[in-house]
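Residue-level listing of the chains:
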Amino acid sequence: GRVLEPTECGAILEHLFKPAEAVQHVEWLARKIDPAFTEEKAYTNWSMGNGMLVITRDPGTVIEIAEKHGIKAKVAGYTTDNPNIAIRTHLGNWI
């Protein structure tokens, strides 16, 4: 959101990486401690293991460079003219 906010654009993030088992376990523990803890909080606070997003017009080149450096990369979604950010979670829910 920080990069998109000044542009008044948003994003649809529907292909994020699945969180590591350790991250999913921490999310589960958080819900045990606080039943009001939501998937939305987990994704907003922890990114659920998706370390970095790059906004580019040339994703193929960015992915190629990342992979040359041993970094897994893929297209996670796309930007929109709507200022909201929609995320499909690893459980298939939209937040």
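To be clear, the structure that these remarks concern was listed above.
Cut-offs used in this document
Numbers given to residues run from 1 along each chain, matching the order in which its sequence is written. Owing to the predicted nature of the model, reporting of local features is limited to residues with pLDDT of at least 70; listing and counting of side-chain atom pairs is limited to 80 or more, with chain, interface and lining totals taken over all residues. Only hydrogens and water are set aside; all other atoms, that is, all heavy atoms of the structure, feed into the side-chain values. Here the aromatic set is Phe, Tyr and Trp, taking the six-membered ring for Trp, and pairing holds for ring centres within 6.5 Å; pairs whose planes are under 30 degrees apart are stacked, those over 60 apart are edge-to-face, and all others are tilted. When the NZ atom of lysine or the CZ atom of arginine is within 6 Å of a ring's centre and also within 35 degrees of its normal, the charge is said to sit over that ring. Only when DSSP finds a minimum of two bridges between them are two strands counted as paired. Working definition: helices are DSSP H or I runs of at least four residues, strands are E runs of at least two. Numbering for both runs from the N terminus. Inter-axis angles, ranging from 0 to 180 degrees, are taken between N-to-C directions of lines fitted to C-alpha atoms, where helices are fitted over the stretch in contact. Our angle categories are set so that under 35 degrees counts as roughly parallel, over 145 as roughly antiparallel, 65 to 115 as roughly perpendicular, and the remainder as oblique. It is the rotation of the near helix from the far one that decides the hand of a crossing: anticlockwise by less than a right angle makes it left-handed, clockwise makes it right-handed. Residue contacts are defined here by distance: any two heavy atoms, one from each residue, within 4.5 Å place the two residues in contact. All amino acids are sorted into three groups, where Ala, Val, Leu, Ile, Met, Phe, Trp, Tyr, Cys and Pro are nonpolar, Asp, Glu, Lys and Arg are charged, and the leftover types, Gly among them, are polar. Three labels apply to residues, based on accessible area from a 1.4 Å probe with only protein chains included: buried if under 20% of the type maximum, exposed if over 50%, partly exposed otherwise in between.

Draft legend 1. Inspection of the packing of aromatic side chains at higher detail. Overall, the coordinates contain one aromatic pair when judged by the stated rule. Sitting over the ring of F17, K74 keeps its end group 4.6 Å from the ring centre.

Draft legend 2. Structural view of the sheet that holds strand β1 (residues 10-13). Spatially, the three strands line up as an open sheet ordered β2-β1-β3, and their pairing is mixed. The two strands at the open ends of the sheet, each matched to only one other strand, are β2 (77-80) and β3 (85-87). For this sheet the average axis-to-axis angle between neighbouring strands, irrespective of direction, equals 15°. Here β1 pairs with β3 via three bridges, running parallel. Counted as the bridge partner of L13 is I87 from β3.

Draft legend 3. Quick look at the packing of helix α1 (residues 21-33) against helix α2 (residues 39-46). As a packed pair, α1 and α2 sit with axes 11 Å apart at the nearest point and diverge in direction by 130°. Here α1 is positioned oblique relative to α2, judged by the angle of their axes. The chirality of how α1 crosses α2 is right-handed. On α2, the residues touching V26, E27, A30 and R31 of α1 are E39, A42 and W46. Its residues placed into classes, the contact of α1 with α2 shows four nonpolar, no polar and three charged.

Draft legend 4. Highlighting unusual backbone geometry. Even without a glycine there, the phi angle at S47 is positive, about 60°. Judged by its relative accessible area of 34%, S47 falls in the partly exposed class. The phi torsion at M48 lies on the positive side, around 50°, for a residue other than glycine. Summarising the element assignment, M48 is placed in the loop between α2 and α3 (59-68).

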